Amino acid sequence: MTDTTTETDTTAQLDDLVGGEYRYGFVTDIDSEIVPVGLDESVVRLIASKNGEPDWLVEWRLGALRHFLTLEAPTWPYLRIDPIDYQAISYWAAPKAKGPAPESLDDIDPKLREMFDKLGISVAEQERLSGVAVDAIVDSVSVATTFRERLAESGVIFCPFSEAVREHPDLVRKYLGSVVGPRDNFYAALNSAVFSDGSFCFVPAGVRCPMELSTYFRINSAGTGQFERTLIIAEEGASVSYLEGCSAPRRDENQLHAAVVELIALDDSSIKYSTVQNWYPGDENGKGGIYNFVTKRGRAGNRARISWTQVETGSAITWKYPSVILQGDDAVGEFSSVALTTNHQQADTGTKMVHIGRNTTSSIVSKGISAGHAQNTYRGQVKVMRSAVGARNHTRCDSLLLGPDCGAHTFPYIEVGTDGAQVEHEASTSRIGEDQLFYCRQRGLDEEDATAMIVNGFCRDVFDDLPMEFAVEANALLRVSLEGAVG
Amino acid sequence: MLEIRDLTATVADDDGAPKTVLDGLDLTIRTGEVHAVMGPNGAGKSTLASVLAGRDGYEATGQVTFDGQDLLAMEPEERAIAGLFLAFQYPVALPGVGNMHFLHSALNAQNQARGLTEADAGTFLREAREVMAELDMDAGLLGRAVNDGFSGGEKKRNEILQLALLRPRLAILDEPDSGLDVDALRAIARTLERLRDGERSYLIITHYPRLLELVVPDHIHVLHRGSIVHSGGAEVATAIDADGYAPFIGAEAGTAVR
């Protein structure tokens, strides 16, 4: 019932729709200190010395560096990337401190504060109004962490990683690299060698963290990468919900972000980790944008629960598989993901659920939306070890295509090593229906509203898993990413 | 209110060649009137509804004026905002989009485009519940995703619910009675009759006379091969019920004989 002319019209309209402009592409003019480009032992030692790190950590980094230098970048992802010259990147940049370290939020450089206000993350307002504790990280360093005293009353430690190394060295030494080792993979090895800062969170046994914790990552300087390390530990019976957001200026060059996140959920604890990833995705011709290579993994003890929820709308390249090692009996792992790629974005993302303990359960919900010339890949592994008697997994993987030039791909890997396991995989790929659009438009909604409504509906299951404030943000972000113009 | 002059519509067939589905159709609907269009399968009834609502895929020529505006030049949403509503024969599901949210958004979009204030959510919800009671609809359907997993009858009732809440000037109902049992038919007829207030017009497309016994039309048109071959009053439905379409469409010849 559709002739060629109208199909072309619709395609053109869709192209308009998904060519939404990036709102966070501004650069803040702050004095920055940047180390020269290049990667060798002296750079690693320099980064370590900036943080005043102990010898064991310097050696740990150097071990990772030596290993990294023997590795080649993985070629298995479904991503087309020009070779990256790792010697042409500066591995450390920081806003220049004006005088002594800020004693309180009032002492933060007003320009930095203005930058966060512009991003909609008013550090001061956050503290006063929303009851969410924020760690703000610009380029390589943490610039502000809010609510620390109130958290400390409950015994919760929430601080920049660099500070944790100084103030809580035993905890850092015990857990750093215990889930993602320094030789885990190419990007994790790179991160282990040059990571600069990040967030550290420790919730002691039996404590329910009294508020949401949040880290906001911002790349501001040109010619640099961001390599942060996040370590979250929930002791026995503890629980914490953690939110992560990111953005970067609009630039023609590709910038590298290679992070590692480790979650340790001891017996009976729970960690919920939510991400809204909105790094600069490049322009409509695929020029510029962040290369996002992230290793995220958690280890769950007996009856512990780890939930990853992610909304990925940014980055030129996304390579990311938040995973759970279900080590303890009755442990639960969850992964819910919305990945939206438009223009020339490429995403190869999914999860890995490794069932070791008995009666462990995992669930995976992945929603991939692809538009323009984008390629969107779900890659997931469900591995049930011999010991994991009674393990269960359910995977649901849906792809939505907007327009004729984009692609959706699904690579599920299922390995089951025991008889007593139940593994289910459901997958679907659909195009946004002309019928659905027409139905909405017949009721008076314009094409943009109709598309946003249908796409939001497609993502509903995942958005329902997000904490309230993030769900609203995710909805809005999806809308903006789909819009033809900045609203 | 609606003036259709010499409306011709073609659609590409499987080989891409144009196929005529509406052929020089004339029809005038005045404010407050109820018109029914009947005709055998393939006569062009649903095409008429689709072309009037602006669905893609048709090449339409001729004049269609709706309240003085050139309907064929308008986008589907502009037609909706001008007050034209289509109750779909096969309402599509919108997974994950809440029925209440959808209805409220649609009403707000229309109100906003007309320069009216946003519909108050509380009032809107109360009104929706009243109409649902009138339609014997399960109130739980408001919280479900639009038409997702709805039974055939629930989908048809949901269309009438939308009609009642959006209050269009002209409602085109494309086989609102197909697949409905007697009770459901009575329920939708009750709502349609209540909303038949002299200000609102209906164009009802149907195969069967039973709905037209409950919502008695002012005019009935017999559509055959893309044009109206006979127009009359309510008695046409009775005649079709007794003798079929043959007397109107001239059996084999396919031309009007009366």
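Here's what I pulled together on the structure shown here. Everything numeric in this text was worked out from a predicted model, so none of it was measured.

Cut-offs and rules
Residues numbered from 1 in each chain as written. Chains lettered and ligands numbered in written order. Predicted model: local features only at pLDDT ≥ 70, side-chain atom pairs only at ≥ 80, totals over all residues. Heavy atoms only, no water. 1 Å grid on protein atoms, 1.4 Å probe; cavity = no way out; pocket = protein on both sides within 12 Å on 5 of 7 lines; lining within 4 Å. Points joined across faces, edges and corners; volume = space filled by probe spheres on them. Helix = DSSP H or I, 4+ residues; strand = E, 2+ residues; numbered from the N terminus. Axes fitted to C-alpha atoms, helices over the stretch in contact; angles between N-to-C directions. Parallel < 35°, antiparallel > 145°, perpendicular 65-115°, else oblique. Left-handed = near helix turned anticlockwise from the far one by under 90°. Contact = heavy atoms within 4.5 Å. Nonpolar A, V, L, I, M, F, W, Y, C, P; charged D, E, K, R; others polar. Phe/Tyr/Trp six-rings, centres within 6.5 Å; stacked < 30°, edge-to-face > 60°. Buried < 20%, exposed > 50% of the residue type's maximum accessible area, 1.4 Å probe, protein only. Lys NZ or Arg CZ within 6 Å of the ring centre and 35° of its normal.

All names here are of chain A. Under the criterion given, the structure shown has six cavities of 30 Å³ or more. Within this model, the largest cavity holds a volume of roughly 100 Å³. In terms of lining, the largest cavity is formed by 17 residues, of which the most central are S366, G368, N376, T377 and Y378. Elements with a minimum of two residues in the lining of the largest cavity: β16 (332–341), β17 (346–355), β18 (361–371), β19 (375–384), β20 (392–402) and β21 (407–416).

All names here are of chain B. Between helix α4 (residues 121–134) and helix α5 (residues 152–166), the shortest axis-to-axis distance is 10 Å and the interhelical angle comes to 135°. Considering the angle they form, α4 stands oblique to α5. By crossing handedness, the relation of α4 to α5 is classed as right-handed. Where α4 approaches α5, its residues F124, E127, A128, V131 and M132 are matched on the opposing element by L161, A164 and L165. Residues of the contact of α4 with α5, tallied by class, amount to seven nonpolar, no polar and one charged.

What the rule picks out here adds up to 22 aromatic pairs over all chains. Between the aromatic rings of A:Y187 and A:W319, the centroid separation amounts to 4.8 Å while the plane-to-plane angle is 65°, which identifies the pairing as edge-to-face. Taken together, the residues span a long stretch of sequence, with A:Y187 in helix α9 (residues 186–194) and A:W319 in strand β14 (residues 317–320) at a distance of 132 residues. Both residues of the pair, A:Y187 and A:W319, count as buried. Where A:Y439 meets B:F88, the ring centres are 4.9 Å apart and the plane angle is 50°; that geometry is what we call tilted. One end of the pair, A:Y439, is in helix α10 (residues 434–442); the other, B:F88, is in the loop between β6 (84–87) and β7 (94–98), on a second chain. Here A:Y439 falls in the buried class, since its relative accessible area comes to 0%. Three or more aromatic residues joined by ring pairs form one cluster here, namely A:F68, A:W76, A:Y86, A:F186, A:Y187, A:Y291, A:F293, A:W319 and A:Y321. Here the guanidinium or amino end of A:R229 rests over the ring plane of A:F195, the centre of that ring lying 5.8 Å away. Here B:R210 stacks its cationic end above the ring of B:Y208, 6.0 Å away from the centre of that ring.

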